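# Commentary on secondary and tertiary structure
Read off the chains here:
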Amino acid sequence: MLVYRIGWIASLLAAAAGFAGSAFREDGLLLTLGVAMLFCAAILFFLDRKGL
């Protein structure tokens, strides 16, 4: 579905922003955001491929 495809692409972009931002902040918050967004992207990618 289009919603899942938009969701996992947006999640990948948010993960990239989190990982890039973690280079400037050393508290680990943005790194945690990046990992969480990768997890969300993986779930949405799986749902997109299954057609649910």
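Above this text is the structure in question.
In this report, we go over the structure that sits alongside the text. (Residues numbered from 1 in each chain as written. Predicted model: local features only at pLDDT ≥ 70, side-chain atom pairs only at ≥ 80, totals over all residues. Heavy atoms only, no water.)

### Looking at the packing of aromatic side chains
For clarity, the cut-off: Planes of paired rings set the category: under 30 degrees apart is stacked, over 60 is edge-to-face and the rest tilted, where pairs are Phe, Tyr or Trp rings (Trp by its six-membered ring) whose centres lie within 6.5 Å. Every helix listed is a DSSP run of H or I at least four residues long, and every strand listed is a run of E at least two residues long, numbered separately from the N terminus. Using a 1.4 Å probe on the protein chains alone, a residue whose accessible area is under 20% of its type maximum counts as buried, one over 50% counts as exposed, and one in between counts as partly exposed.
Enumeration according to the criterion identifies one aromatic pair in this entry. Aromatic side chains Trp8 and Phe45 sit 5.0 Å apart centroid to centroid with 90 degrees between the ring planes, which places their arrangement in the edge-to-face category. Placement of the pair is Trp8 in helix α1 (residues 2-21) and Phe45 in helix α2 (residues 29-50), with a sequence separation of 37 residues. Look at Phe45 and you get partly exposed, because its relative accessible area is 35%.

### Considerations on the side chain of Asp48
Where we set the bar: Should any heavy atoms of two residues lie within 4.5 Å, those residues are counted as being in contact.
Tracing the sequence through the fold places Asp48 in helix α2. Filtering out sequence-adjacent residues up to four positions away, Asp48 remains in contact with Met1, Tyr4, Arg5 and Trp8.

### Focus on a nonpolar patch on the surface
Threshold: Each patch is built from residues lacking any salt bridge and having more than 30% relative accessible area; the joining distance is 9 Å for like charges and 5 Å for nonpolar side chains (Val, Leu, Ile, Met, Phe, Trp, Tyr). Accessible areas in this description were obtained via Shrake-Rupley with a 1.4 Å probe; residue shielding takes into account the shown protein chains only. Just to be clear on terms, a salt bridge is a Lys or Arg side-chain nitrogen sitting within 4 Å of an Asp or Glu carboxyl oxygen.
Among the surface-exposed residues, Leu12, Phe19, Leu31, Val35 and Leu38 lie close enough to one another that they form a single nonpolar patch of about 400 Å² accessible area. Listed by contribution, the elements that provide at least two residues to the nonpolar patch are α1 and α2. The element that contributes the greatest number of residues to the nonpolar patch is α2, accounting for three residues. Locating Leu12 in the fold gives a position in helix α1.

### Some points on the packing of α1 against α2
The description of two helices packed together rests on the angle between their axes and the distance between the axes. Our working rule: As a rule, the C-alpha atoms of each element are fitted with a line to give its axis, helices using only the stretch in contact, and angles between N-to-C directions run from 0 to 180 degrees. Orientation categories follow fixed angle ranges, with anything under 35 degrees roughly parallel, anything over 145 roughly antiparallel, 65 to 115 roughly perpendicular, and all other angles oblique. Here is the rule for handedness: rotate from the far helix to the near one, and if that takes an anticlockwise turn smaller than a right angle the crossing is left-handed, while a clockwise turn gives right-handed. Charged residues are taken to be Asp, Glu, Lys and Arg, nonpolar residues to be Ala, Val, Leu, Ile, Met, Phe, Trp, Tyr, Cys and Pro, and polar residues to be all remaining types, Gly included.
Running from amino to carboxyl end, α1 crosses α2 at an angle of 160 degrees, the nearest separation of the two axes being 7 Å. When the interaxial angle is binned, α1 and α2 end up roughly antiparallel. In terms of crossing hand, the pair formed by α1 and α2 is left-handed. Within the contact of α1 with α2, the residues separate by chemical class into 17 nonpolar, five polar and three charged.

### A few points about α1
Selection rule: Expected helix span is given by 1.5 Å per residue-to-residue step, counting one fewer step than there are residues.
Counted at 1.5 Å a residue, the expected span for α1 with its 20 residues is 28 Å, and the 28 Å between its end C-alpha atoms agrees. Looking at the buried residues of α1, the elements they touch are α2.

### Describing the pattern of salt bridges
Summed over all chains, the structure comprises one salt bridge. One salt bridge in this structure joins Asp48 and Arg5, with 3.1 Å as the shortest N-O distance. Linking Asp48 in helix α2 with Arg5 in helix α1, this pair joins segments that are 43 residues apart in sequence. Look at Arg5 and you get partly exposed, because its relative accessible area is 36%.

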